[in-house]
Amino acid sequence: MIFRNNKKALCIGIFRTVLMLFVTGCVAGSALAQETHVSPWAPTTLGPLPPIASLSKGVWLKGELHVHSRHSKESSNNSISKIINFSKSVGVDFVAITDHDNHVNGDVAHNTWADPEFKSDSVLLLYAAEWTTTRGHGNAFSATPYDHQRLYDVRDQRDVVVGAVKKQLGIHLSANHPSGKDHFGYSYDMVNSIEVWNSAVWPKNANAIMIWDDMLSSGRKLTGRGGSDAHHGAPDSPDKATKNTYQRNANYVGTPTTWVFATARTTQAVIDALTNGRVCVTSNPYTPRVEFYADLDQDGKMDMMMGDNVKSTGKPVKFRVQLTGKSIVPDGTYTISIIKDGNPYSTIQMSGKTPVVEFTDTPVPNERTYYRVTVEGPPTAYPQVPQSAGLSGNMLGLSNPIYFNFDPNF
Ligand SMILES: [Zn+2]
Ligand SMILES: [Zn+2]
């Protein structure tokens, strides 16, 4: 019995040794493979980044970037003059009327833009359209008329063709309601922004936010924006009401509102700010605006704001979140959620007449990092669209990210 047991032990010992040699060999082999492989796509040292623009020379403008007029077939009671007059009445500074281009075979120039009502002496009107294709919807924004027909014509072509035409047209292209029905089925490499807040119904945007974070985390500096996607206005008389008229009191111009910090009160400056990301989104035009800044050298003076991109130094950075606006509830509590690289980082509460919070973190040198914030708190009433506050709930606003080490040439 003893002999047999020893033989068995010997066999097990030999087997273990062979197995260990095999495993060690495999590990050494893979380590060797890792050591010798260098990805040609590995990040290289970043060149100089453009200087940060002034934090004070500019103006905050609020606007609507997705609304349909009577030139969209499924719209009702929503003439262009009705949209503009309403915008003026609630202090909206800029509007993009984004009618469906497929309803006019791409000829936006002879429809929405040629409408005699398409003019305003106070509201900045962007030249815009909703590129409405089998693979998804996107808004085109421009400060001047452009040949939208060309974008319409390539809608079913490969992305490489679409991207080239978009570039030639010099437009800002933005992915609309990117998940769900009419999801955005094109490459995000050819868009400048993404609609992360579509309509007053806030909870349905969860997937859009997830896509945004994925694009940001993979190095794409992509602005998040809002858009009501409202199609229906108030009828001039009760007999003009449609089955969709009820939507007017729940979702209309400004639900949500997109704010831009523009260098001037011009359509071009609005689009530039949108491209650069000095942008936040709030539930309506009266909701306190969320501003997000960073103090890089901790001298108490803010050096950059949302949308800006700098190299990290390895030193701690002080971030500041503040709310601005007349509708702040002084005894209300506002909850700031900080998202770092797509993950929840921390939650801070603030209150008072001018709510401000600061937090400190050290972005890793030579690696991409981004921070963005969302604000929840007591809903701000929007009497002109009375049911909208109930649909957006406690969600008040979101900032665009503050970026570190994002490659502008990516
Ligand atoms: Zn759409
Ligand atoms: Zn739309």
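Parameters and conventions
- Within every chain, residues take consecutive numbers counted from 1 along the sequence as written.
- Whichever chain is written first is A, and whichever ligand is written first is 1; the rest continue in order.
- Owing to the predicted nature of the model, reporting of local features is limited to residues with pLDDT of at least 70; listing and counting of side-chain atom pairs is limited to 80 or more, with chain, interface and lining totals taken over all residues.
- In this text, helices come from DSSP runs of H or I with a minimum length of four residues, and strands from runs of E with a minimum of two, each type numbered from the N-terminal end.
- The burial label depends on the number of other C-beta atoms within 10 Å of a residue's C-beta. Counts of 20 or more mean buried, 12 or fewer mean exposed, and intermediate counts mean partly exposed, with C-beta atoms placed from the backbone.
- Contact between residues is assigned whenever the C-beta positions, reconstructed from backbone atoms, fall within 7 Å.
- Here, strands pair whenever DSSP counts at least two bridges between them.
- One number per residue, pLDDT, summarises how confident the predictor is, and it ranges from 0 to 100.
- Crossovers are marked right-handed if the path from the first strand over the helix to the second runs clockwise, as seen with the strands pointing away from the viewer.

J.: Quick rundown of the overall build of the protein? Include the residues and the values.
T.: When helices and strands are counted, the protein shows seven helices and 19 strands. By residue count, 43% of the 410 residues in the protein fall in the buried class. For the protein, restricting intrachain contacts to residue pairs at least 6 apart in sequence, the fraction spanning at least 24 positions comes to 70%.

J.: Explain the sheet that holds strand 10 (residues 289–295) residue by residue, including any values.
T.: What the four strands build is an open sheet, ordered 11-10-13-16; its pairing is antiparallel. Looking along the sheet, the strands with just one partner apiece sit at the ends: strand 11 (304–305) and strand 16 (356–361).

J.: Give a detailed account of the confidence of the model for the protein, specifying residues and quantitative values.
T.: Averaged over all residues, the pLDDT of the protein is 93; the fraction at 70 or higher stands at 92%. Low pLDDT, under 50, characterises residues 1–5; the predicted model gives this stretch zero contacts beyond four residues in sequence or across chains. The low-confidence segment residues 23–29, where pLDDT is below 50, has zero contacts with residues more than four positions distant or belonging to other chains.

J.: Which residues make up helix 6 (residues 267–276), and what are the values?
T.: A large share of helix 6 lies buried, amounting to seven of its 10 residues. Gly 277 sits one or two residues past helix 6 and shows a positive phi near 90°.

J.: Can you tell me about the pairing of strand 2 (residues 94–97), naming the residues and giving the values?
T.: Burial along strand 2 is two-sided: the residues Phe 94 and Ala 96 and Val 95 and Ile 97 are all buried. Here three bridges tie strand 1 (residues 59–67) to strand 2, and the two strands are oriented parallel to one another. Among the inter-strand pairings, Glu 64 is bridged to a residue of strand 2, identified as Val 95. Between the parallel elements strand 1 and strand 2, the chain passes through helix 2 (residues 80–89) in a crossover that is right-handed. Across three bridges, strand 2 lies against strand 3 (residues 124–133) in parallel orientation. Directly across from Phe 94, in strand 3, lies its bridge partner Leu 124.

J.: How would you summarise the environment of Lys 301 if you had to cite specific residues and measurements?
T.: Tracing the chain through its elements places Lys 301 in the loop between strand 10 and strand 11. Looking at Lys 301, the number of C-beta atoms within 10 Å reads 10, which means it is exposed. Sequence separation of Lys 301 and Glu 195 is 106 residues, and the distance between their C-alpha atoms is 32 Å.

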